[in-house]
Amino acid sequence: MIHFSVLGPLRVRSAAAEISLSGPKQRIALATLLLHANERVSADRLIARMWDGDESPNARAALQTHLTRLRRALGDPGLIQTFDGGYTISVTADSLDLLRYREIIRRSQRSGPAEELAALTEAMALCGEPLLTNVPSETLHREEVSLLVEEQLRTLERWSELHLEWGRPEQGIAVLRSATARHPYRERLWANLILALQRSGRQAEAMETYQSVTHRLLEDLGVSPGEPLRRAHRSILVADECEVADAPMTPQQLPSGIAHFTGRLAELARLDRLVADPPGRSEIVVIGGPGGAGKSALAVHWAHQVIDRFPGGQLYLNLRGFGPGAPMDPKVAIETLLRAMGVSATSLSADLDARAAMLRSTLAGRRMLLLLDNARDSAQVRPLLPGANSLVLVTSRNQLRGLAARDGARRLSLDPLTPPESLELLEKVIGARQVANERDAAVRLVKLCDGLPLALSVIAERAHRGGGLARIVSALEDEKARLEQFGIGEDDPMADLNTALLWSYRALTAPVARMFRLLGLHPAGDLSLKAAAALADVAPREAGALLDHLVAAHLVKQVQPDRFELHDLVHLYATGRAVEEETAGERDAAVDRLLDWYLYTVVEADRQMLPHRVRDFVEPRTSRILPLTFDDHRQARNWLEREYHCLRSVIAWAAANGRAGHAWRISIGMTTFFDRYIPWHDGLEFTRSALRAAEIAAEPAGQGFTLNSLGCVHFDMGEHEIALSRFKQSLSRFRQAGHARGEAMLLGNLGLVHGELGDTAEGRRCLERALTLYESLGGQYGIAHLLDNLGIVSHLAGDHELAVEYYRRALTATASNGNTDLHGDIWRNLGRAYVALRDWRRALRCFREAVALYQGKGNRRWLAMCLIDLGRALADAGRREPARGVLLSALAELKAMDDPRVGEVATILETL
């Protein structure tokens, strides 16, 4: 058998000795065939590689001659076969190192972390660098070898991350030093080297390495370190930092254990048996049962007992399958889980299957526990399932039979507590002595509550605060008899819960009872302390005290220090109390306060991200509710990230319940957040919902704002005809509303899109009309925008000198009033004008200014676009290697954001 090697210099060995290939074109032909082993390679491709695009007229005849000599040198005429104008070489993993390498990589992807590390180590042992140095073909190296290098680098990055987490970090240092020397702009390799040094106790070397690569990136590319390097830097500064560079975080999301958890010994033992299998395949366990039966409590309690089995972390998510509002969409659920793993929202595809695949990839190789609470059905759960090596606990009132039949889930049905377990729960809450002293009443109470832990906990807490069991049980029996007399609650276990809730509710003081009722008006039943304060129109400190009473009464659960939620059945009960006991005016006022708080807090967050934006979309609404304030754009972004899914529920509820004006205004307040951090498809979904809400509200100005936002998203996506249509519709709505600033804004956007569509004359006319309007309105922010747009249209028309003049005027306009919001865009556009003038020095300076500004604002989308411009300029200036590094960074960002311009950047890279 002949053995071939392409993972290093091209080598050919027989059983007896090394086989020498004398001619360079023979080596090029063989390398090309081996890189496409067992596939047909066309004669044209071979010719392009062998002659580097400079083939002679008789190249095809010469190709046949070289292949004849190659077959003769290999000593096996049948090894290379000819058919259909192409050639193929037939080899196996035993005879070609590349096939063996890829076979090992595939095996590693199906393994646990320790096995994966061993497999990757085996694969890397097959590799040498540089690749195919004895094969002299620029075309081959540019179009084939570069892809193989990228494949090896991804393997090395994964290997080094596994070493950090599962191996000995010091063992990877030498390999990483060598790799970073060969690939000086590969930030993920540098980050892993820094972490390996830090975790080996070599803090000074780690810091020196970070400073060295940061200096190189700034000097060569004009860019600051990205997130992988920043994480590694934090690991040096914080001694117990444990994040792997650019690897998922290790979440610890399990809710706190249940203080009075009781019984369920048989169920706990069965859970132990169900997941007794060794790691390797994922296990799915569904805990089913009626509402209030204690499904979540059992899942959380057992999960805490086995937490040490899951070193990869624990994820918790309430899928809201039964409760206020719609169940959580699987795409939203995946996004929430990925965020918890440190994955940015901008990296998410619009496609559910793609998101599910990304979740599986993120969880791969980690032994994790996922607790999916309150699931609606199998279809909601299935996309959230990991590929292997983890445990998924699902709770649901639905039996989820499809999950069992199709996905191998094991089911555990939860019955009510037995009478002894119910008595034990009472003893834990009110004390064994009181239960013993009032044994008959305790037994009657257990029967009344039908073994539902939620009902028992609520009533037990009421008895504990006073009155004794006998008096409360007599009152409960009277209430139940009254309900059954009217045909309400007979044979309905939920009637027992409602009875229990009634008596607990009656024991609350008036202020606490009012807070409980008003919580039932919240659309999601999951809210922050300050949102609750706004709802009840009290100070946050007072709201905290009222919520503490409700937590003590088992009516509200505190899930974080400043966040609370209601069990869906309790939320439903609270809503009923609000309808019965609050007047319609009081309910409306509470909801308005809540929605105002969300609206004005969103506006404050937006103000931090884009300070000089004019926010007259809020008009004519005013609010006396004090919103949250933020110190900087990062704090504002973090709040929007945390509240993102709650805001979804709030906006949807507002649109459907007579508060459409709030719905579209909150959405428009989030447009800066959408533009910078949220995938386009999600932004479009939000904005389309906002347009529907503005139409329901019959507010032309609102329709103008939302249509403009839709147009802007389509414009950024390069869909200029659609953008033009949306902008024209928006202009019509603003004119209908008599909204002069909106009209000026739309004329500016129309001018820009006309320019992009090639009608620069119409573009200038629109922009000049807009400029006149803005000057009459005194809007400096709008004037700077228009000067920037005039520069773009002049640039598109080929008048680059005029474009430079407009951009400089725009910079002056923004600097005169301290408005730096547009600086990144203007510097980027100015750089593009200098590129057109072939002034590379000024162009590179402008792009570097823009990159720094985008990074400072955390604006990933426009940072990626500016990196494309910088990469092109570096290439045009003859600095090909730095250009490639910058463009690869841009490509990674665009892929992460599912951006359609990925192909454009890939094409540019091919030319390098």
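Details of the structure are given in the entry above.
So, here is what we can say about the structure in this document. Computed from a prediction, not measured in an experiment: that's the story for all the values here. (Residues numbered from 1 in each chain as written. Predicted model: local features only at pLDDT ≥ 70, side-chain atom pairs only at ≥ 80, totals over all residues. Heavy atoms only, no water.)

### Considering the overall build of the protein
Part 1 of the reasoning: The helix and strand inventory of the protein stands at 42 helices and 13 strands.
Part 2 of the reasoning: Projected onto the principal axes, the alpha-carbon positions of the protein cover approximately 105 × 80 × 55 Å.
Part 3 of the reasoning: Burial status across the protein gives 55% buried among its 912 residues.
Part 4 of the reasoning: Expressed as a percentage of contacts within the protein between residues at least 6 apart in sequence, the contacts between residues at least 24 apart total 67%. (Helix = DSSP H or I, 4+ residues; strand = E, 2+ residues; numbered from the N terminus. Buried < 20%, exposed > 50% of the residue type's maximum accessible area, 1.4 Å probe, protein only. Contact = heavy atoms within 4.5 Å.)

### Quick notes on the packing of helix α1 (residues 24-35) against helix α2 (residues 43-51)
Packed helix pairs are characterised by how far apart their axes lie and by the angle those axes make with each other.
Part 1 of the reasoning: Packing of α1 against α2 leaves a shortest axis separation of 9 Å and a crossing angle of 135 degrees. When the axes of α1 and α2 are compared, the pair comes out oblique. When you trace α1 past α2, the crossing you get is right-handed. Across from Lys25, Ile28, Ala29, Thr32 and Leu33 in α1, the residues of α2 making contact are Leu46, Arg49, Met50 and Trp51.
Part 2 of the reasoning: Of the residues belonging to the contact of α1 with α2, the class tally is six nonpolar, one polar and two charged. (Axes fitted to C-alpha atoms, helices over the stretch in contact; angles between N-to-C directions. Parallel < 35°, antiparallel > 145°, perpendicular 65-115°, else oblique. Left-handed = near helix turned anticlockwise from the far one by under 90°. Nonpolar A, V, L, I, M, F, W, Y, C, P; charged D, E, K, R; others polar.)

### Thoughts on the sheet that holds strand β7 (residues 313-318)
Part 1 of the reasoning: Read from one edge to the other, the open sheet built from five strands follows the order β7-β8-β9-β6-β10, with strand pairing classed as parallel. Of all strands in the sheet, those with a lone pairing partner are β7 and β10 (410-413), marking the two edges. Strand-to-strand twist across the sheet, computed as the mean angle between neighbouring axes with direction ignored, equals 15 degrees.
Part 2 of the reasoning: Where strand β6 (residues 283-288) meets β10, four bridges bridge the pair, whose relative direction is parallel. Looking at the pairing, Ile287 lines up with Leu412 of β10. (Pairing = 2+ DSSP bridges.)

### Topic: the packing of aromatic side chains
Part 1 of the reasoning: A complete count under the given rule lists 13 aromatic pairs for this structure.
Part 2 of the reasoning: Centroid distance Phe674 to Phe686: 4.8 Å. Interplanar angle 45 degrees. Geometry classified as tilted. Highlighted residues: Phe674 in helix α30 (residues 671-677) and Phe686 in helix α31 (residues 680-696), separated in sequence by twelve residues. Each member of the pair Phe674 and Phe686 is classed as buried.
Part 3 of the reasoning: Joined through ring pairs, the aromatic side chains of Trp597, Tyr598, Phe630 and Trp639 make up one cluster. (Phe/Tyr/Trp six-rings, centres within 6.5 Å; stacked < 30°, edge-to-face > 60°.)

### Structural notes on the pairing of strand β8 (residues 368-373)
Moving residue by residue along a regular strand, the side chains alternate between the two faces of the sheet.
Part 1 of the reasoning: Across the six residues that make up β8, a large majority, six, are buried.
Part 2 of the reasoning: Of the two faces of β8, both are covered, the one formed by Met368, Leu370 and Leu372 as well as the one formed by Leu369, Leu371 and Asp373.
Part 3 of the reasoning: Judged from the six bridges that link them, β7 and β8 form a sheet pairing that is parallel. Note that in β8 the partner of Gly313 across the bridge is Met368.
Part 4 of the reasoning: Across four bridges, β8 lies against strand β9 (residues 391-396) in parallel orientation. Bridge assignment links Leu370 to a residue of β9, and that residue is Val392.

### Side note on the pattern of salt bridges
Once their charged atoms are close, side chains differing in charge can pair, the charge on each being opposite to the other.
Part 1 of the reasoning: A complete count under the given rule lists 44 salt bridges for this structure.
Part 2 of the reasoning: Between Arg186 and Glu150 there is a salt bridge, and its shortest N-O distance comes to 2.8 Å. Note that Arg186 is positioned in the loop between α7 (173-182) and α8 (187-199) and Glu150 in helix α6 (residues 138-166), a separation of 36 residues in sequence.
Part 3 of the reasoning: Taking relative accessible area as the criterion, Arg186 reaches 15% and is therefore assigned buried. (Salt bridge = Lys/Arg side-chain N within 4 Å of Asp/Glu carboxyl O.)

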